[in-house]
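What follows is each chain in one-letter form.
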Amino acid sequence: MSKVTILGINGHIGHHAARAFVAAGWDVVGMGRSNKQPVAGVRFMKGDADSVADMQAAIGDADVVVNALNLPYDKWDKGRAEAQAALVIEAMGKSGKTLLFPGNVYNYAATDRVLTPELAQRPQTPRGAIRQRMEAMLEAAAKRGDMRVIILRAGDFYAPHNVGDWFDQGMMLDIAKGKVALMGTPGVGHAWAYLPDLGQAFEKLGWHRKELGAFERFHFAGHFVTPEVLGAAISKAAPVKLKVGYFPRVILSALGLFQPIMREIAKMGYLWEYPFELRDPRLDALLGPDFGTPFDTAVAATVTPFFDKLKRAA
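A short tour of the structure in this document, coming up. Keep in mind that what you see is a predicted model, and the values were worked out from it rather than measured.

The next thing to look at is the packing of helix 2 (residues 52-59) against helix 3 (residues 80-92). Two numbers describe how helix 2 lies on helix 3: the axes approach to 9 Å, and their chain directions differ by 50°. Classified by the interaxial angle, the pair formed by helix 2 and helix 3 is oblique. For helix 2 against helix 3, the interelement crossing comes out right-handed. Between helix 2 and helix 3, the residues in contact are V52, M55, Q56 and I59 and L87, V88, E90, A91 and M92, respectively.

Following this line, the structure appears as structure tokens:
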């Protein structure tokens, strides 16, 4: 049985990656400050991401490590995100183990449209430059022969019962009134990653790690859809007719005057104004033709729990 350690077991990626590895028969250890989201089949280890010793203890004799750690959105600057990456690299040591790392689309320019692993990275914002530097640190460690590194890049996360994603914090806020506020710009596609599928993609890459190079980048296509298609999927799943409009993103800028996290989120507004489509035929071939949850099914699973508020309001 192969062994995997998930650093950051309570986060969106950590939780769903753990479930996927368990389902595939791996021996799974999950490290976090608390075990607030227990996953059946995961052996929890209490640990702090600021402690190399804690991470080394959690990694132990694992074959694969998933770095699902993430700082609060307004705490990436002043070298803090790079420092966290450096601690993980130190904890991995010269072990030759495989590190799986989640990437995002921040590394690319607003003028880019189809994002493939071969596309040159030209970050649009300081936040994107931070992500680019973190990936460069991992690439350097792999080239030194210290470890194998696989970066899996994806769009915006969504899943049932998520807290803190765009469904929870934006689109479904007024569902008790029968209203949905779509994120995005009419007619402009957006990349979404259904977390149960993304977790399975991480597991697949972990399983095939020995067939891959020392440093690899893959792009997870997920679901690339316009807001209109998303709105239709939400309405199809709803028990009543909904009022579907658009989320007024100017609110984020206004809230940013008082809330640092909202200020940083508002700076990334260009991601909703331009279509960034992730493509990777190589990953598609590895995952297989039947991989992934149909979009309508994934959206229905995600939004159905919100409809309890409709019932209570009635």
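Next comes the rest of the write-up.
All right, on to the sheet that holds strand 8 (residues 156-158) then. If you trace the three strands from one edge of the open sheet to the other, you get 8-10-12, paired in mixed fashion. Only two strands of the sheet have a single partner each, and these edge strands are strand 8 and strand 12 (223-225). Within this sheet the neighbouring strands show an average axis-to-axis angle of 35°, counted without direction. When strand 8 meets strand 10 (residues 190-194), the two strands line up parallel, connected through three bridges. Counterpart to Y158 in the pairing with strand 10 is Y194. The strands touched by helix 11 (residues 295-303) within the sheet are strand 8, strand 10 and strand 12, with strand 8 carrying the most contacts at an inclination of about 65°.

Criteria and thresholds
- Residues numbered from 1 in each chain as written.
- Predicted model: local features only at pLDDT ≥ 70, side-chain atom pairs only at ≥ 80, totals over all residues.
- Heavy atoms only, no water.
- Axes fitted to C-alpha atoms, helices over the stretch in contact; angles between N-to-C directions.
- Helix = DSSP H or I, 4+ residues; strand = E, 2+ residues; numbered from the N terminus.
- Parallel < 35°, antiparallel > 145°, perpendicular 65-115°, else oblique.
- Left-handed = near helix turned anticlockwise from the far one by under 90°.
- Contact = heavy atoms within 4.5 Å.
- Pairing = 2+ DSSP bridges.

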